[in-house]
Amino acid sequence: MSLKICCIGAGYVGGPTMAKIAEKCADITVTVVDINEARIAAWQTDDLPVFEPGLLEIVQKTRGKNFFFSTDVDKHIEAADIIFISVNTPTKMYGVGAGRAADLKYIEACARNIARVAKGDKIIVEKSTIPVRTAETIQKILAGSGNPAKFQVLSNPEFLAEGTAMEDLDAPDRVLIGGEQTLEGLAAIETLVSVYANWVPRDNIITTNLWSSELSKLTANAFLAQRISSINAMSALCEATGADVDEVARAIGLDSRIGPKFLKASVGFGGSCFQKDILNLAYLCSHFGLPEVAAYWESVVKINDYQKHRFSQNIVQTLFGTVTGKRIALLGFAFKKDTNDTRESAAITVAQDLIEERARLRIYDPKVSKTQIFKDLDLDASGCNADGVCVVEVVTSAEEACESAHGVAILTEWDAFKTDQMDYKKIFARMEKPAFLFDGRNITDLEQLRAIGFEAKGIGKP
Ligand SMILES: NC(=O)c1ccc[n+]([C@@H]2O[C@H](COP(=O)([O-])OP(=O)(O)OC[C@H]3O[C@@H](n4cnc5c(N)ncnc54)[C@H](O)[C@@H]3O)[C@@H](O)[C@H]2O)c1
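Since the model is a prediction, treat every value here as computed from it, not as a measurement. (Residues numbered from 1 in each chain as written. Predicted model: local features only at pLDDT ≥ 70, side-chain atom pairs only at ≥ 80, totals over all residues. Heavy atoms only, no water.)

Student: Lay out empty space enclosed by the protein with the relevant residues and their values.
Tutor: The tally for this structure, following the rule as stated, stands at two cavities of 30 Å³ or more. Space inside the largest cavity adds up to approximately 60 Å³. Put simply, the parts of the chain that give the lining of the largest cavity at least two residues each are α12 (291-318) and β14 (455-458). With four residues, α12 is the largest single contributor of residues to the lining of the largest cavity. Across the lining of the largest cavity, the residue classes tally to three nonpolar, three polar and three charged. As a volume, the second largest cavity reaches approximately 30 Å³. Together, Glu126, Ser128, Thr129, Ile130, Ser155, Pro157, Glu214 and Lys217 line the second largest cavity. Looking at side-chain class alone, the lining of the second largest cavity contains two nonpolar, three polar and three charged residues. (1 Å grid on protein atoms, 1.4 Å probe; cavity = no way out; pocket = protein on both sides within 12 Å on 5 of 7 lines; lining within 4 Å. Points joined across faces, edges and corners; volume = space filled by probe spheres on them. Helix = DSSP H or I, 4+ residues; strand = E, 2+ residues; numbered from the N terminus. Nonpolar A, V, L, I, M, F, W, Y, C, P; charged D, E, K, R; others polar.)

Pasting the structure below:
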């Protein structure tokens, strides 16, 4: 009998990861379930709720064959041999650990749901990023439920990066699977290994104990974010000294002990993961009596906050100390290119800072909807705040955003905003003079922009 997989959570991880499994394992039936009806409905159209290059093509190829979406969570839990839990694990905003700990209410709800409806033995896979030892909580809920079925809990954290998710899933640097080191645990690990082995070389599938696997995901995100905060910290010093952060990054990146990746200075990292996972890691460190380790990792988030506010302060200072009533164009709102995800996007902080300074904003992003932008900025459907002041317009082109603007800030590194792809002469012609440009992603040629007439600034650039 062919294997059945059910994935709980049809988000940025559940959708793409399951699409890849369905594509590579034609004999496995994969169903993604979610309580969010609108999301499930959208997965059944060609206007998918998640934008990732290459995703739609795979969904179109597999949907209705061995790949399905449903809101009938119970039915598909019951039918599955393997259940992936891929629900959100946001920062807890209330009670003990507020602002730091991961909120595990969705994970717990899944465990209780499985305990309630499962009839036969199941392998349960933690795909969500969770604090170390969460598997223990899931095991306790299942064991305490009185359900006689046997459950094996595995940890299989996801390392995909949004924007390149389909490539990352196609050829992952590694697949990590943690499980109990018992006969049953090892058998469950082998079952999951055999799913990935349909397309991932066995040498790239690493197996560990449960806790190492859970902690590896938090550690990986902390290391990646720490590199960004390190180069961003240096960008401030570059600006003070006349060094060029891209030159510094290149020089250090050629050292094989350091390597060239994740050394791009910017307005700051965003996304749903880095901040919440580091805060969670720091919370865990405090919980286990390691305040120095907690403080070390927390500083990575502090530098990121500093960098975002430093960028908006720089705009205000450069525009002669005030942006009140001035029009500022923001190019890009997604937290990075090639995604429509805006969670924790640096653009949100910069926009909020500028709104606070009473600037008038025009925002353009090629993939983020007006509704999403207004929602992220706590504005109503017309872009107005609670006092009825309408401060933000969302427009459909970069040119329109820059019309009569005093300044323009690039906040997402979309290729379309690069100097060789956008007509900056045309944009300059439409702006108030002097026209200021703030490249928060270091994707433009500042010399070229200056030759056009812009007063152009980058991050950590002379
Ligand atoms: N986004 C990323 O790039 C990324 C990468 C690696 C790991 N992760 C981790 O993966 C997890 C999921 O992230 P995401 O970005 O896909 O989140 P998401 O918010 O996009 O999707 C989660 C989905 O789970 C659904 N859900 C919540 N509780 C449910 C329940 N009880 N039953 C059914 N559905 C339920 C929600 O409705 C939502 O659609 C998180 O733990 C995240 O940290 C994310």
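Student: Any chance you could break down the state of the cysteines for me, citing the residues and the numbers?
Tutor: In the structure shown here, the tally under the stated rule is one disulfide. Note that Cys384 is cross-linked by a disulfide to Cys390, the S-S spacing being 1.9 Å. As the torsion about the S-S bond is roughly 85 degrees, the Cys384-Cys390 disulfide counts as right-handed. Lacking any disulfide linkage, Cys285 is separated from the closest cysteine sulfur, that of Cys273, by 18 Å. Exposure remark for Cys285: the relative accessible area of 10% places this residue in the buried category. (Disulfide = S-S within 2.5 Å. Buried < 20%, exposed > 50% of the residue type's maximum accessible area, 1.4 Å probe, protein only.)

Student: Would you mind going over the sheet that holds strand β13 (residues 436-439) in detail, with residue names and values included?
Tutor: Working definition: the strands of a sheet are paired by backbone hydrogen bonds and lie parallel or antiparallel to each other. Taken in spatial order, the six strands make up an open sheet running β11-β10-β9-β12-β13-β14, and their pairing is parallel. Single-partner strands in this sheet number two, and they are β11 (392-394) and β14. Each neighbouring strand pair of the sheet contributes to a mean axis angle of 15 degrees, computed without reference to strand direction. As paired elements, strand β9 (residues 327-331) and strand β10 (residues 360-364) share five bridges and run parallel to each other. Residue Ile328 lies in a different strand from β10, and its bridge partner there is Leu361. (Pairing = 2+ DSSP bridges. Axes fitted to C-alpha atoms, helices over the stretch in contact; angles between N-to-C directions.)

Student: Lay out the packing of α12 against helix α13 (residues 346-356) with the relevant residues and their values.
Tutor: One way to put it is that α12 packs onto α13 with a least axis distance of 9 Å and a crossing angle of 40 degrees. It follows from the interaxial angle that α12 and α13 lie oblique. For the element pair α12 and α13, the recorded crossing hand is right-handed. Judged by residue contacts, Lys308, His309, Phe311, Ser312, Ile315 and Val316 of α12 engage Ala346, Thr349, Val350, Asp353 and Leu354 from α13. Considered class by class, the residues forming the contact of α12 with α13 number six nonpolar, three polar and two charged. (Parallel < 35°, antiparallel > 145°, perpendicular 65-115°, else oblique. Left-handed = near helix turned anticlockwise from the far one by under 90°. Contact = heavy atoms within 4.5 Å.)

Student: I'd like a rundown of the layout of surface pockets, residues and numbers included.
Tutor: Taken as a whole, the second largest pocket spans an internal volume of roughly 400 Å³. In terms of lining, the second largest pocket is formed by 21 residues, of which the most central are Leu104, Pro131, Val132, Thr134 and Thr137. The class makeup of the residues in the lining of the second largest pocket is 12 nonpolar, four polar and five charged.

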